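Notes for the structure review
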Amino acid sequence: MIPCCIDLDSFTFNAADRERRRRESNLGDRFTLIYSGSIGGWYLSEKMADFFVQLLKRIGNAYFLWLTPGDPKVITSLMNERSINPTHYLIKKLAPADVPSYLSAGDAGIAFYKPGFSKLATSPVKVSEYLACGLPPIINTGIGDSDALAKKFNVGSLVNEFNSPEYDRVAAEMEKLVYHPEVRARVRAVAESLFDLRRVGAKRYASLYERVLNRN
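Computed from a predicted structure; not experimentally measured.

Along the backbone of the chain there are nine helices and six strands. Along the first, second and third principal axes, the C-alpha atoms of the chain reach 60 × 40 × 35 Å. Taking all 216 residues of the chain together, 48% fall into the buried category. Working note: accessible area of the chain is about 10,800 Å², and carbon and sulfur atoms make up 53% of it.

Written out as structure tokens, the structure is:
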């Protein structure tokens, strides 16, 4: 896999940002799930909404923060169809520079993709951003290296099937994970070792080009 690396100086957990953004959104101590990115297409927004229904059954004050440039009416419709009260979610369109501060406000990140052959070679940049900000990701299986990432490093949860029992299992798993006192540091360490733009991406690409040029 060619990893989607990111600037870890920009994407990092900031405690002051977390406090500020949670205060602005009146989150208090609510378990906050975040989705960051586009909706529709390869992204299974409806399945993520279904997952949140199960999460609410387990954590009654859970909150879904949708950070998306997409049409907010689409998300509102998805949530209304599932009888999710507006007090349990917020939809925000952000400037790119504001995304890290909102990720710091979350407790877990989510990203569900349509399964497909091409997804076997996908490295979701949003997952790299979640990890960099200390957010354990929830992602469906078969998406690039995500299966190995979650299993080897124990920094996230994998959804094997899109159904209520599986969502409930993952919600229970994530509830335990996010409240571990060292989880943010462990998640960040994975981002530093695998997705650092300068120390991983640039270094490996430079090495590869040097090998090709020397070979020729």
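What follows is about the sheet that holds strand S2 (residues 63-67). Strand order across the open sheet formed by six strands is S3-S2-S1-S4-S5-S6, with parallel pairing between neighbours. Where the open sheet ends on each side, the last strands, each with one partner, are strand S3 (89-92) and strand S6 (157-159). Averaged over neighbouring strand pairs, the angle between their axes works out to 25 degrees when direction is ignored. Sheet analysis places S2 next to S3, joined by four bridges and oriented parallel. Considered in S3, the bridge of Phe-64 is made with Tyr-89.

Next up on the list: the environment of Ile-110. Here Ile-110 shows up in strand S4 (residues 108-111). Separated by 104 residues in the primary sequence, Ile-110 and Ile-6 place their C-alpha atoms 18 Å from one another. With near-sequence residues (within four places) excluded, Ile-110 lies in contact with Leu-33, Ile-34, Tyr-35, Met-48, Phe-51, Phe-64, Tyr-130 and Ile-138.

Moving on: the nonpolar core. Membership of the largest hydrophobic core comes to 59 residues, with the highest contact counts inside it found for Phe-51 and Phe-64. Beyond its immediate stretch of four places on either side in the chain, Phe-51 contacts Leu-33, Ile-110, Phe-112, Ile-138, Tyr-167, Val-170 and Ala-171.

Looking now at the pairing of strand S1 (residues 32-36). Among the five residues of S1, five are classified as buried, and the element is accordingly described as predominantly covered. Residues of S1 alternate between two faces, with Thr-32, Ile-34 and Ser-36 on one and Leu-33 and Tyr-35 on the opposite face, all of them buried. Where S1 meets S2, five bridges bridge the pair, whose relative direction is parallel. What sits directly across from Ser-36, in S2, is Leu-67. A crossover links S1 with its parallel partner S2, the connecting element being helix H2 (residues 45-58), and its sense is right-handed. As defined by bridge partners, S1 adjoins S4 across two bridges and the pair is classed as parallel. Counterpart to Ile-34 in the pairing with S4 is Gly-109.

Each value, and the rule that gives it
Residues numbered from 1 in each chain as written. Predicted model: local features only at pLDDT ≥ 70, side-chain atom pairs only at ≥ 80, totals over all residues. Heavy atoms only, no water. Helix = DSSP H or I, 4+ residues; strand = E, 2+ residues; numbered from the N terminus. Buried < 20%, exposed > 50% of the residue type's maximum accessible area, 1.4 Å probe, protein only. Areas by Shrake-Rupley, 256 points an atom, 1.4 Å probe, with all protein chains shown as cover. Pairing = 2+ DSSP bridges. Axes fitted to C-alpha atoms, helices over the stretch in contact; angles between N-to-C directions. Contact = heavy atoms within 4.5 Å. Core = buried A, V, L, I, M, F, W, Y, C linked by side-chain atoms within 4.5 Å. Right-handed = clockwise from strand over helix to strand, strands pointing away.

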